[in-house]
Amino acid sequence: MNIIGVTACTAGIAHTYIAKEKLVKAALEMGHTVKIETQGTIGTEDELTRQDVEKADIVIIAADIKVGGKERFTGKKVIEVPMQMVIKSPKALLQKIEEKLKG
Amino acid sequence: MDFVEVLRPAIVDLQMEANHKQEVITKLAELLFADGAILSREEYINDVNEREQEGPTGIGNFVAIPHGKSDSVVKISVAMAKLQSPIPWETLDGNPVKIVFLFAVPKQNSSNEHLKLLSQLAAVLAHDDSIQLLLEVQNPEDIFEVFKSQKTSV
């Protein structure tokens, strides 16, 4: 799968980046391509481009707060999950998504 | 720019004796205060505890990352404790906690470079093998090695 996503947490200091790292690691290990945008205290990093969105099979939003720029994903398959789920079991989450996409 | 700029040996305690979460937070805040990273222990601890109310900071794997954005912080820092014996904490996997990283970030005018360093440090904690190494380290220098050696995407 071509996975893109956004992570954001309340303080924007730690969980945002741990979640990104967990998602990227799990996705790569499972043979997917992945790009995750972080919306944290530093600001937005690795911002998803229009091309990123066009190519994506799935958009994962892992956040405890409102994320910015959701309108970019209009028309895409978007799944919103709590931050905790991504940190706790990223692979299980990706497996579930994969199964769902296969229908 | 190096992790040692935010995770300084003076704010690392690899043999902390503590029985509960508040004791760990208080002891680490003491270290931050003595190191000149925060101006007020009380204010900082209050801000940390406010964040604790919002959701679990135990990320599983025996690691907790309490953090406070606080006006009392004057130097972006990460204090670290390894505990002599595991203590209860609100964690994602229900396990107790053996390592605590307490993040101290000013509410305003933060240096982006140091914030970036914090985000990279957090990303290292996403790797099980890094945690395994951190659980084994005996001196502060080895901690920096663990953080330096792990390649992250952040």
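It should be noted that the structure appears before, not after, this text.
Thresholds, definitions, all that
- Residues numbered from 1 in each chain as written.
- Chains lettered and ligands numbered in written order.
- Predicted model: local features only at pLDDT ≥ 70, side-chain atom pairs only at ≥ 80, totals over all residues.
- Heavy atoms only, no water.
- Helix = DSSP H or I, 4+ residues; strand = E, 2+ residues; numbered from the N terminus.
- Rg over C-alpha atoms; globule rule 2.2 N^0.38 Å.
- Buried < 20%, exposed > 50% of the residue type's maximum accessible area, 1.4 Å probe, protein only.
- Contact = heavy atoms within 4.5 Å.
- Lys, Arg positive; Asp, Glu negative; His and termini not counted.
- Charge placed at Lys NZ, Arg CZ, Asp CG, Glu CD.
- Axes fitted to C-alpha atoms, helices over the stretch in contact; angles between N-to-C directions.
- Parallel < 35°, antiparallel > 145°, perpendicular 65-115°, else oblique.
- Left-handed = near helix turned anticlockwise from the far one by under 90°.
- Nonpolar A, V, L, I, M, F, W, Y, C, P; charged D, E, K, R; others polar.

Student: Please clarify how the overall build of chain B should be interpreted in this entry.
Tutor: Helices and strands together make up the secondary structure of chain B, namely five helices and six strands. Ordered by position from the N terminus, the helices and strands of chain B form the series β-α-α-β-β-β-β-β-α-α-α. Relative to the 2.2 N^0.38 estimate, which gives 15 Å for 154 residues, the radius of gyration of chain B is 14 Å and therefore close to what a compact globule would have. If you line up chain B on its principal axes, its C-alpha atoms span 35 × 35 × 25 Å. Expressed as a percentage of its 154 residues, the buried residues of chain B come to 53%. Of the contacts formed within chain B by residues at least 6 apart in sequence, a portion of 70% connects residues at least 24 apart. Across chain B, the 13 positively charged side chains and the 23 negatively charged ones have centroids separated by 2 Å.

Student: For this particular structure, what's the right way to read the packing of helix α1 (residues 15-29) of chain A against helix α3 (residues 112-124) of chain B?
Tutor: Packed helix pairs are specified by the crossing angle of their axes together with the interaxial distance, meaning the distance between the axes. At a minimum axis distance of 8 Å, the contact between α1 of chain A and α3 of chain B shows a crossing angle of 45 degrees. One finds that α1 of chain A runs oblique with respect to α3 of chain B. For the element pair α1 of chain A and α3 of chain B, the recorded crossing hand is right-handed. Together, Tyr-17, Ile-18 and Glu-21 of chain A of α1 of chain A and Ser-119, Ala-122 and Ala-123 of chain B of α3 of chain B make up the contact between the two elements. When grouped by side-chain class, the residues that make up the contact of α1 of chain A with α3 of chain B number four nonpolar, one polar and one charged.

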